[in-house]
Amino acid sequence: MAKQDSFEISQKQLDACAKLINLDAGTLAVLREPLRELHVSLPVRMDDGSIKVFQGFRVQYNDAKGPAKGGIRFHPEETIDTIRALAAWMTWKCALVDLPLGGSKGGVICNPKEMSQGEMERLSRAYVQSVWQFIGPERDIPAPDVYTNPQIMAWMMDEYSKISGKSQFGVITGKPLSVGGSAGRDDATARGGLCTVREAAKEFGIDLKKATVAVQGYGNAGYFAASLCKSLFGSRIIAVSDSKGGIFNKGGLDPEAVRAHKDKTGSVITYPNATAISNEDILELEVDILIPAALEGVITGANAAKVKAKIVAELANGPTTPEADDILYRNGVHVIPDFLCNAGGVAVSYFEMVQNFYMYYWSKEQVYDLLDKKMTPAYHSVLDTAKKYNTHMRMAAYVVAVERVAEAMKARGWV
Ligand code: NAD
């Protein structure tokens, strides 16, 4: 899918949902567009003494349910169109896991791979200097996203605190533990996704101890998914991959040893005791659970009919095209859609905000427990809705989320 189309796609998905639930035209009109957006020019002094001006954005899509929440991306091909779409999806994701938050997203067009640490810090601080009146713990709370990380969040929090003259840890999440980060954030996305896999397995009578799993992508989401599938469920991880290719072993791979190998060599592909498998073939393996955890648009109209997994757990954003969705649904493949499956990250981000407000920090075990209490009911509300409307899980997830945001707008008298 072309990047330029992202917002149009998000609007089409919303339109289809609105039709299904007979959403009134006024409410739909409000939900189809971002409520607010800010475009900024950021002058930054580069290491060679020159001044470079970067373009930045912050989009607050909808904050009917509470302050907006969404990451900041630093990417050379960032577009306002993508940011709008991602802000819309954050709105639905937060509503779906029942967080008292709206949805937003931000970005800066830049290439972090070509910038020094000093330039990155000055850019991060410049972004906050430009948007600080627009964000805030009670307005809009950013977080890390593509090419931004805990260090960048720490600089941004520091800049916001300096401007406001007081410690403002709650202005941003995904911070290092030493400055108000939350325990349990590192594996939150995968752990949350596995709560939904566990519930799906119960629903479809799959014994997770005997289940086989394939994971595409072996970064933050994919590695923790493989590791936790083995340690929490006792499932057998028979294939994993990264950008260079995949590995397969019917008897099972050791996720920790594969990770150590990737850390040492830069890829999983030369891991011993496994055969090579392509990133295309990994999607078509006969497994109980397939976890796309890399890129968008990998399950398409061309290969969806060949997917043999019983459950597809979308930790990646947008791995399945709309055409593929229909094919998978017809073939009885149970898809746990991205904005449900990967919502564990934003759920723990929300916990981080709460801990910052209380200035009291929870143990990993408390975070895991609360995460489960968000993910499990969210999964069941989507499943029940899918049954009620006789539709697939992605459409059902839209229905649950859109109804909640619409209800909040109505209660506030916006529509
Ligand atoms: P990451 O950068 O840590 O890892 C990405 C992995 O994908 C790497 O192993 C990389 O080698 C692999 N990859 C890249 N191109 C590939 C290709 N063509 N085929 C197969 N593998 C390829 O990223 P991440 O944080 O794990 O994110 C992965 C996906 O999960 C993204 O879609 C992201 O938006 C989504 N996600 C992540 C989080 C989170 O908390 N990390 C939260 C929500 C959604």
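Chemist: Please explain the overall build of the chain as it appears in this structure.
Modeler: The helix and strand tally for the chain stands at 13 helices and 13 strands. Referenced to the eigenvectors of the C-alpha coordinate spread, the extents of the chain come out at roughly 55 × 55 × 40 Å. Each of the 415 residues in the chain was classed as buried or not, and the buried ones make up 58%. Sequence-distant contacts, at least 24 apart, represent 70% of the contacts inside the chain between residues at least 6 apart. Looking at the chain as shown, the accessible area adds up to about 17200 Å², and 52% of this sits on carbon and sulfur atoms. Charge-centre separation for the chain: the mean point of 47 positive side chains lies 3 Å from the mean point of 48 negative side chains.

Chemist: Would you take a moment to explain the nonpolar core for this structure?
Modeler: A general trend in soluble globular proteins is that nonpolar side chains are found buried together. In terms of nonpolar packing, the biggest core is built from 93 residues, with W92, V240, I291, I336 and V402 touching the most fellow members. For this core, the leading source of residues is helix α13 (residues 393-411), giving 13 residues. Residues within four places of V402 in sequence aside, it is in contact with L14, C17, I21, L23, L31 and W92. Membership of the second largest hydrophobic core comes to 25 residues, among which are V40, F54, V128 and I135.

Chemist: What should I look at first to understand the site of the ligand in this one?
Modeler: What surrounds the ligand is a group of 19 residues, the closest being T189, Y218, N220, A221 and N317. Contacts to the ligand include T189, whose side-chain N or O atom sits 2.6 Å from an oxygen atom. Take A221: an N or O atom from its main chain is 2.8 Å from an oxygen atom of the ligand. Expressed as a share of its isolated accessible area of 830 Å², the protein-covered part of the ligand is 68%. Of the residues contributing to the shell around the ligand, the split by class is seven nonpolar, nine polar and three charged.

Chemist: I would appreciate a short explanation of α13 in the present structure.
Modeler: Counting along an α-helix, one turn takes 3.6 residues, and residues three or four places apart therefore face a common direction. Along its 19 residues, α13 runs 27 Å from first to last C-alpha, staying within 8% of the 27 Å computed at 1.5 Å per residue. Among the 19 residues in α13, 14 count as buried, and that is most of the element. Positioned one or two residues after α13, G413 has a phi angle of 80 degrees, which is positive.

Chemist: What is the right way to look at the domain arrangement of the chain in this model?
Modeler: Considered domain by domain, the chain is made up of domain 1 (36-170) and domain 2 (188-341). Put simply, the middle of domain 1 and the middle of domain 2, counted by C-alpha atoms, are 30 Å apart.

Chemist: Would you mind showing me how to read the packing of aromatic side chains here?
Modeler: The relation between two aromatic rings is expressed through the spacing of the ring centres and the mutual angle of the planes. Considering all chains together, one arrives at eight aromatic pairs under this definition. Ring plane angle 75 degrees and centroid distance 6.3 Å describe the contact between Y61 and W92, whose orientation is recorded as edge-to-face. Of the two residues, Y61 sits in strand β2 (residues 51-62) while W92 sits in helix α3 (residues 80-96), which places them 31 residues apart along the sequence. The exposure class of Y61 is buried, given its relative accessible area of 2%. On the basis of relative accessibility, which here comes to 1%, the residue W92 falls in the buried class. Each ring, one from Y223 and one from F224, has its centre 4.9 Å from the other, and the planes form 50 degrees; the classification is tilted. Both residues of the pair, Y223 and F224, belong to the buried class. In this structure an aromatic cluster arises from ring pairing among F7, Y61, W92, F339 and Y398.

Chemist: In this structure, what is going on with the pattern of salt bridges? I would like to understand it.
Modeler: Opposite charge on two side chains allows them to pair when their charged atoms are near. Scanning the entire structure with this criterion turns up 27 salt bridges. For R122, the salt bridge identified is with D47, shortest N-O distance 2.8 Å. Note that R122 is positioned in helix α4 (residues 117-131) and D47 in the loop between β1 (36-45) and β2, a separation of 75 residues in sequence. For R122, a relative accessible area of 33% corresponds to the partly exposed category. Looking at D47, the relative accessible area reads 52%, which means it is exposed.

Chemist: How do you make sense of the packing of α3 against α13 when you look at a structure like this?
Modeler: The geometry of a pair of packed helices is captured by two quantities: the angle between their axes and the separation between those axes. Two elements in contact, α3 and α13, have axes separated by 8 Å at closest approach and are oriented at 90 degrees. Judged by the inter-axis angle, α3 sits roughly perpendicular to α13. Here α3 contributes W89, T91, W92, A95 and L96 to the contact with α13, which in turn contributes A397, Y398, V400, A401, V402, R404 and V405. When grouped by side-chain class, the residues that make up the contact of α3 with α13 number 10 nonpolar, one polar and one charged.

Chemist: Please clarify how the side chain of K105 should be interpreted in this entry.
Modeler: Mapped onto the fold, K105 is located in strand β5 (residues 102-109). Reaching out from K105, the side chain makes a polar contact with the side chain of D145 at a distance of 2.7 Å. When neighbours within four sequence positions are excluded, K105 is seen to be in contact with F57, R58, V59, G70, G71, R73, I83, L86, A87, M90 and D145.

Chemist: Even after reading the chapter, I still don't get a nonpolar patch on the surface, so can you show me in this structure?
Modeler: Taken together, the side chains of L35, W414 and V415 define a hydrophobic patch exposed on the protein surface, amounting to about 230 Å² of accessible area. Tracing the chain through its elements places V415 in the segment after α13. For V415, a relative accessible area of 37% translates into the label partly exposed.

Analysis parameters
- Residues numbered from 1 in each chain as written.
- Predicted model: local features only at pLDDT ≥ 70, side-chain atom pairs only at ≥ 80, totals over all residues.
- Heavy atoms only, no water.
- Helix = DSSP H or I, 4+ residues; strand = E, 2+ residues; numbered from the N terminus.
- Buried < 20%, exposed > 50% of the residue type's maximum accessible area, 1.4 Å probe, protein only.
- Contact = heavy atoms within 4.5 Å.
- Areas by Shrake-Rupley, 256 points an atom, 1.4 Å probe, with all protein chains shown as cover.
- Lys, Arg positive; Asp, Glu negative; His and termini not counted.
- Charge placed at Lys NZ, Arg CZ, Asp CG, Glu CD.
- Core = buried A, V, L, I, M, F, W, Y, C linked by side-chain atoms within 4.5 Å.
- Near = heavy atom within 4 Å.
- Polar contact = N/O pair within 3.5 Å; in protein donor to acceptor, adjacent residues only side chain to side chain.
- Nonpolar A, V, L, I, M, F, W, Y, C, P; charged D, E, K, R; others polar.
- Expected span 1.5 Å × (residues − 1).
- Domains from an automatic or database assignment.
- Phe/Tyr/Trp six-rings, centres within 6.5 Å; stacked < 30°, edge-to-face > 60°.
- Salt bridge = Lys/Arg side-chain N within 4 Å of Asp/Glu carboxyl O.
- Axes fitted to C-alpha atoms, helices over the stretch in contact; angles between N-to-C directions.
- Parallel < 35°, antiparallel > 145°, perpendicular 65-115°, else oblique.
- Patch = residues over 30% accessible without salt bridge, like charges linked within 9 Å, V, L, I, M, F, W, Y side chains within 5 Å.

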